[in-house]
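# Summary of structural features
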Amino acid sequence: ETGVTQTPRHLVMGMTNKKSLKCEQHLGHNAMYWYKQSAKKPLELMFVYSLEERVENNSVPSRFSPECPNSSHLFLHLHTLQPEDSALYLCASSQNRGPPYEQYFGPGTRLTVT
Amino acid sequence: QQPVQSPQAVILREGEDAVINCSSSKALYSVHWYRQKHGEAPVFLMILLKGGEQKGHEKISASFNEKKQQSSLYLTASQLSYSGTYFCGTGEEWGDYKLSFGAGTTVTVRA
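Residues numbered from 1 in each chain as written. Chains lettered and ligands numbered in written order. Predicted model: local features only at pLDDT ≥ 70, side-chain atom pairs only at ≥ 80, totals over all residues. Heavy atoms only, no water.

### What to know about the overall build of chain A
Helices and strands together make up the secondary structure of chain A, namely 0 helices and 11 strands. Overall, chain A shows an N-to-C arrangement of helices and strands of β-β-β-β-β-β-β-β-β-β-β. Scaling as 2.2 N^0.38, a compact globule of 114 residues should have a C-alpha radius of gyration of about 13 Å, and chain A matches this with 13 Å. Based on the C-alpha atoms only, the size of chain A along its principal axes is roughly 40 × 30 × 30 Å. Sequence-distant contacts, at least 24 apart, represent 54% of the contacts inside chain A between residues at least 6 apart. When the accessible area of chain A is evaluated, it comes to approximately 5,300 Å², of which 48% is carbon and sulfur surface. With 11 positive and 10 negative side-chain charges, chain A shows a spacing of 8 Å between the two charge centroids. (Helix = DSSP H or I, 4+ residues; strand = E, 2+ residues; numbered from the N terminus. Rg over C-alpha atoms; globule rule 2.2 N^0.38 Å. Contact = heavy atoms within 4.5 Å. Areas by Shrake-Rupley, 256 points an atom, 1.4 Å probe, with all protein chains shown as cover. Lys, Arg positive; Asp, Glu negative; His and termini not counted. Charge placed at Lys NZ, Arg CZ, Asp CG, Glu CD.)

### Re the environment of A:Pro83
Residues and elements named next belong to chain A. Along the chain, the position of proline 83 falls in the loop between strand E8 (73-79) and strand E9 (87-94). In sequence terms proline 83 and serine 72 are 11 residues apart; their C-alpha atoms lie 30 Å from each other. If we skip the residues at most four places from it in the chain, proline 83 touches Met15 and Val113.

### Side note on the environment of A:Gly108
Residues and elements named next belong to chain A. Mapped onto the fold, glycine 108 is located in the loop between strand E10 (104-105) and strand E11 (109-113). Taking the C-alpha atoms as reference points, glycine 108 and lysine 19, separated by 89 residues in sequence, lie 15 Å from one another. Glycine 108 has contacts with Gln6, Pro8, Arg9, Leu88, Tyr89 and Leu90, leaving out every residue within four places of it along the chain.

### Describing the state of the cysteines
Residues and elements named next belong to chain A. Taken as a whole and assessed by the stated rule, the structure comprises 2 disulfides over all chains. Shown here is the disulfide that connects cysteine 23 with cysteine 91, its sulfur atoms set 1.9 Å apart. Between cysteine 23 and cysteine 91, the disulfide has an S-S torsion of -70° and is therefore left-handed. With cysteine 23 in strand E3 (residues 18-25) and cysteine 91 in strand E9, this pair connects stretches of sequence that are 68 residues apart. A relative accessible area of 0% places cysteine 91 in the buried class. (Disulfide = S-S within 2.5 Å. Buried < 20%, exposed > 50% of the residue type's maximum accessible area, 1.4 Å probe, protein only.)

### Topic: the sheet that holds E3(A)
All names here are of chain A. Read from one edge of the open sheet, 4 strands run E1-E3-E8-E7, paired in antiparallel fashion. Taken across any chain shown, the strands that pair with only one partner, and hence form the sheet edges, are strand E1 (4-7) and strand E7 (64-70). Between one strand axis and the next, the sheet turns by 20° as a mean value, whatever way the strands run. (Pairing = 2+ DSSP bridges. Axes fitted to C-alpha atoms, helices over the stretch in contact; angles between N-to-C directions.)

### Quick notes on the pattern of salt bridges
All names here are of chain A. Going through the model one piece at a time under the given rule, you end up with 2 salt bridges over all chains. Aspartate 85 is paired through a salt bridge with arginine 63; the nearest N and O atoms lie 2.7 Å apart. Placement of the pair is aspartate 85 in the loop between E8 and E9 and arginine 63 in the loop between strand E6 (53-57) and E7, with a sequence separation of 22 residues. (Salt bridge = Lys/Arg side-chain N within 4 Å of Asp/Glu carboxyl O.)

Here it is in C-alpha cells:
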C-alpha cells in the first residue's frame, strides 16, 4: 500500500472510552503530523513529530496523547473525550529538511464522541 | 496566526474562471495550495516560494506577492473535477515544515 493510510476511517466512542487512531506512511518521510478538521474552521495543527521526536504541541488537551514509535507510524491515543472533540482527524507526512516540501495527507478518521 | 482566505465559497458553471485569495499578516516564505474533495484527503496542488515564479497545474495556476503577503489561485476554464475545498497553507521561513492553514474556499462547478 502506498501513501498515507489511517485506521479506523470512522469511530464512535463514548466519553469514558479509550481508543487509538493509527497512521502509517510509506513515503520515506521523516516528519509526521496530526491535524483536527472541524466544519468551517481552518485545519488545526495538533502535534508534529520530526525524526520520531515531538517538536510541536499546540496546546492540545491532555486527553489526546500522541505516540511515534518510528518514522513510519504515528498514533493518537484518546481518552475521556468531550463531544466538542468530534471532528475529522487527519494525519500527514513530509520531509523536514531543506526547502518547504508538500505534505501528504491520509484520508482521515471521522470521530464522533457521544 | 492563520491566513485568511476569500471568498468562502464560489459557484461556477463549467468553463468559467475564478480567483481564490490567501492573505497573511506575517511575512511569508512559502505558500502551499491543497484541494480536498468531500470525504477525501487534501491533495497537494503546488508550492510557491519567495522569489519564485508563478506556478501552474493544468489550468490551475497561482501567484505569490511577497510584499503583500498574499497568494492567489486561479481556476481557468473550470471543469466539474475542480469542485472541492481549496486550502492555502503558509510557511514563514526556509525549511519551515509546519504550516498554518486557512479556513478553505469551497468551489462548486456546475454543468
